[in-house]
Amino acid sequence: MTKQGNKVALITGINGQDGSYLAEFLLEKGYEVWGTIKRNSVAENQTSRLDEIYPQLLGKLQYADLTDLASLISVIQQCQPDEIYNLAAQSHVRISFDQPIYTAQATGIGTLNLLEAIRLTKPNVKMYQASSSEMFGNNIDKDGYQRETTPLAPVSPYGCAKVYSYNICNNYKNSYNLFVSNGILFNHESPRRGTNFVTNKVVKTAVEIKKGLRNELVLGNMQATRDWGHAKDYVKAMWLMLQQDKPGNFVCATGVSHSVQDLVEYTFNKLDLDWNQYVKTDAKYLRPEELKDLKGDSTRLRKLGWTADYTFETMIDEMINYWIEKL
């Protein structure tokens, strides 16, 4: 792996799934890594995903919030980054219906605050923006895929906020000659995924059922299909986008989609369980407007040299093994 000298990277939301994997990846490449975390009243679990690399981040984790421009300016002035990865957001689609205004502020206006902070303090920095497949909504090209040219028509407050972020990034790139690349990432999972996201909810609950700790799994729309990859593969794509001479917008996806029912069947079969005996559906887990199908075409990204190491199956296997050990 090539060392990157003394490059400095700032990761907003470093304590999330993606942030923790990206921090590990950049440290391996020889970066000095800084990160922002949002203050919680309970500090104990905030950095649990960073436990393995915590000593390398001492003094470099800063309290900041995308809704607080001054805090962003302060941390950029302090660490003088070469690259900024904006991964902080209210990132749960279902919860965005419960907290639409906060989602718009954090996930939408928050990106604008970061762009302003960059414009005012470090306009030569390279910025990665975490865009989302949720921006496409139910628009699919004739061949069944979504790609960089697919029209954006989001079906959730989260998706709408991400579209705003995507567009304002393009606007600032063109208006102020900033280096800003949007990574349009499709669903990506891992053992570090929050357990209120469907993949880890299914896997953790199935393992709990296997161990006699639970007796049912309750889900929403079982027929929704998603293009699921591994977060470890996707953080490599983020880095790759910022190593280019020019900024661009890139879809990151596996090109293979599975339904929630596929996910359930695979997981329960692996544990020698009959899913029909344990799985129920409840309307409270349905979205007010459903996103039916997602499948991404990452041809442009693959031309930069990106490849995925994980398949859907090996990713779920890793998650199952994690919960078997953890529980």
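Look a little higher up for the structure.
We now turn to the structure provided with this report. Only a predicted model underlies this, so the values are computations on that prediction, with no experimental measurement involved.

1. A word on helix α1 (residues 17-28)
(1) Moving on: In this model, α1 (twelve residues) spans 17 Å end to end at C-alpha, consistent with the 16 Å of a helix rising 1.5 Å per residue.
(2) Moving on: Where burial is concerned, most of α1 is hidden: eleven out of the twelve residues are buried.
(3) Moving on: Taken together, the buried positions of α1 are occupied by Q17, D18, G19, S20, Y21, L22, A23, E24, F25, L26 and L27.
(4) Moving on: Positioned one or two residues after α1, G30 has a phi angle of 90°, which is positive.

2. Regarding the pattern of salt bridges
(1) Moving on: Counted by the stated rule, this structure contains 15 salt bridges.
(2) Moving on: One salt bridge connects R192 with E24, and the closest N-O pair in it is separated by 2.8 Å. Of this pair, R192 sits in the loop between β7 (188-189) and α6 (198-210) while E24 sits in helix α1, and the two are 168 residues apart along the sequence. Comparing R192 with E24 shows no difference in burial state: the two are buried.
(3) Moving on: In this structure, the salt-bridge partner of D309 is K236, at a minimum N-O distance of 2.9 Å. You can see D309 sitting in the loop between α9 (299-302) and α10 (312-326) and its partner K236 sitting in helix α7 (residues 231-242), a full 73 residues away along the chain.
(4) Moving on: Relative accessible area serves as the criterion here: at 59%, D309 is assigned to the exposed category.
(5) Moving on: Taken together, the shared-partner salt bridges connect D141, D143, R147 and D297 into one network.

3. Examining the sheet that holds strand β11 (residues 249-252)
(1) Moving on: One open sheet holds the seven strands; their spatial order is β3-β2-β1-β4-β5-β6-β11, and the pairing between them is parallel. Every other strand in the sheet has two partners, leaving β3 (61-63) and β11 as the edge strands with one partner each. If you compare each strand with its neighbour and ignore which way they point, the axes differ by 20° on average.
(2) Moving on: The sheet contact formed by strand β2 (residues 32-37) and β3 spans three bridges and is parallel.

Reading the values: rules and limits
Residues numbered from 1 in each chain as written. Predicted model: local features only at pLDDT ≥ 70, side-chain atom pairs only at ≥ 80, totals over all residues. Heavy atoms only, no water. Helix = DSSP H or I, 4+ residues; strand = E, 2+ residues; numbered from the N terminus. Expected span 1.5 Å × (residues − 1). Buried < 20%, exposed > 50% of the residue type's maximum accessible area, 1.4 Å probe, protein only. Salt bridge = Lys/Arg side-chain N within 4 Å of Asp/Glu carboxyl O. Pairing = 2+ DSSP bridges. Axes fitted to C-alpha atoms, helices over the stretch in contact; angles between N-to-C directions.

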